[in-house]
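Results of the structural survey
Residue-level listing of the chains:
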Amino acid sequence: MDFTFTEEQQAAAEAARGVFAGVAPDAVPSPALTPGAVADGFNRPLWSRLAEADLLSLLSAPEYGGAGLDAIALCLVLRESAKVLARVPLLESSAALAAVQSYGGPELKDELLARAGRGEIVLTVAAHGRTGHDPAELAVTARQDGPGWVLDGVQTAVPWVYDADLVVVPARTAADRTILALVARDAEGVSLAEQFSTSGERLGELRLESVRLATSYVVDAGGAWEWLRELLATGTCALALGLGERVLEMTAQYASKREQFGHPIATFQAVAVQSADRYIDLRAMEAALWQAAWRITSGAPGSLPAAGDVAVAKIWASEGVRRVVQTAQHLHGGFGADVDYPLHRYHAWAKHLELALGPAAAHEEALGDLLATHPLA
């Protein structure tokens, strides 16, 4: 078996490293010192550089100006973005475009894919439901009314919603089907309420009251939401992996220079053992991530549906990223809490990702349900 990445996937990761090389993780005010949002919007100059490097159109087909790559390539790029805490809706916009390409109609593809790949329009996804604990597809209802649709409901903690041109909203129909509605942020009947993440970024509670939508802006193909949800979860795992790798690297650099009793603390057995445990966490997170990304990309059959591999990746990412940043804070001592040093920012972002993934126990329960439904031979 060959587990190496393709030349195209490696080229995407290399391009990402070049774009993110000049990004400072502490370029905005510290979330620890800011009562509201750390900035009014995302990093637009960085967004433009990503567009110029063709990294916003990774998953789009060549006829729409894209590279025609896959979820693995996207996860490689997301992994690099998390190492510098890149403040861009790369995951949400890329995943939304991929869903439109795979499941949307020709008119919608022609309108969105090329423009979004050039960075001209921004998409995000409402994926956390009404409270963050209930299924997102049950938080909004959709009913057909004449030639279009009418949406009602609430979605919480929508990322980058104040900057997005369109929000992909899963909604439930009377026939108990889930559609994807692409809602303009300034459409009549749409309102936003400010929320803030642990990282200091501005989220929004999206309220829809009799929002009318043309049929062309609705994706009603079966399986679209399930596929998009799994891609978003896998991409979030890639962000957790990249963040964790950078934090462990920072910890290793600090421990090799910080001395106690005349020796670097990295030479102490207790420090070495804790660091080794976190390295094992990261390698397990990585293995689970690529398995999930490969299942989404290839559509290959398995003993369990791809959702099972995604659940395993989420279990490792949710628990692993928390353990990595907590160990890093411990080994840095008081220096880790210094707001002039970026580690506290990584801790805040890690908590945001952990909350976005949800508790590992919930994913273990979902995995148990899959195992009960699909008993292994």
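Cut-off values and rules
- Residues numbered from 1 in each chain as written.
- Predicted model: local features only at pLDDT ≥ 70, side-chain atom pairs only at ≥ 80, totals over all residues.
- Heavy atoms only, no water.
- Helix = DSSP H or I, 4+ residues; strand = E, 2+ residues; numbered from the N terminus.
- Buried < 20%, exposed > 50% of the residue type's maximum accessible area, 1.4 Å probe, protein only.
- Contact = heavy atoms within 4.5 Å.
- Lys, Arg positive; Asp, Glu negative; His and termini not counted.
- Charge placed at Lys NZ, Arg CZ, Asp CG, Glu CD.
- Expected span 1.5 Å × (residues − 1).
- Polar contact = N/O pair within 3.5 Å; in protein donor to acceptor, adjacent residues only side chain to side chain.

**Quick look at the overall build of the protein chain**
- A tally of regular secondary structure across the protein chain gives ten helices and ten strands.
- Expressed as lengths along the three principal axes of its C-alpha atoms, the size of the protein chain is roughly 80 × 55 × 40 Å.
- Burial analysis of the protein chain (377 residues in total) assigns 52% to the buried set.
- Across the protein chain, the fraction of contacts at a sequence separation of at least 24, relative to all contacts at a separation of at least 6, is 73%.
- Within the protein chain, the 46 negative side-chain charges are centred at a point lying 3 Å from the centre of the 29 positive side-chain charges.

**Observations regarding the environment of Gly242**
- Among the secondary structure elements, Gly242 is positioned in helix H6 (residues 224–257).
- Taking the C-alpha atoms as reference points, Gly242 and Ala266, separated by 24 residues in sequence, lie 22 Å from one another.
- Setting aside anything within four residues of it in sequence, one finds Gly242 in contact with Arg79, Ala82 and Lys83.

**Description of helix H4 (residues 90–103)**
- In a regular helix each residue adds 1.5 Å, so 14 residues correspond to 20 Å; H4 covers 20 Å between its end C-alpha atoms and thus fits that length.
- Counting buried residues in H4 gives twelve out of 14 residues, a clear majority hidden from the surface.
- Here H4 has its buried residues at Leu90, Leu91, Glu92, Ser93, Ser94, Ala95, Ala96, Leu97, Ala98, Ala99, Val100 and Gln101.

**Section: the side chain of Thr156**
- If you trace the backbone, Thr156 turns up in strand E3 (residues 148–159).
- The exposure class assigned to Thr156 is buried, which follows from its relative accessible area of 10%.
- At a separation of 2.9 Å, a polar atom in the side chain of Thr156 contacts the side chain of Gln195.
- Setting aside residues no more than four positions away along its own chain, Thr156 makes contact with His128, Gly129, Arg130, Thr131, Gly132, Gln195, Gly204 and Glu205.

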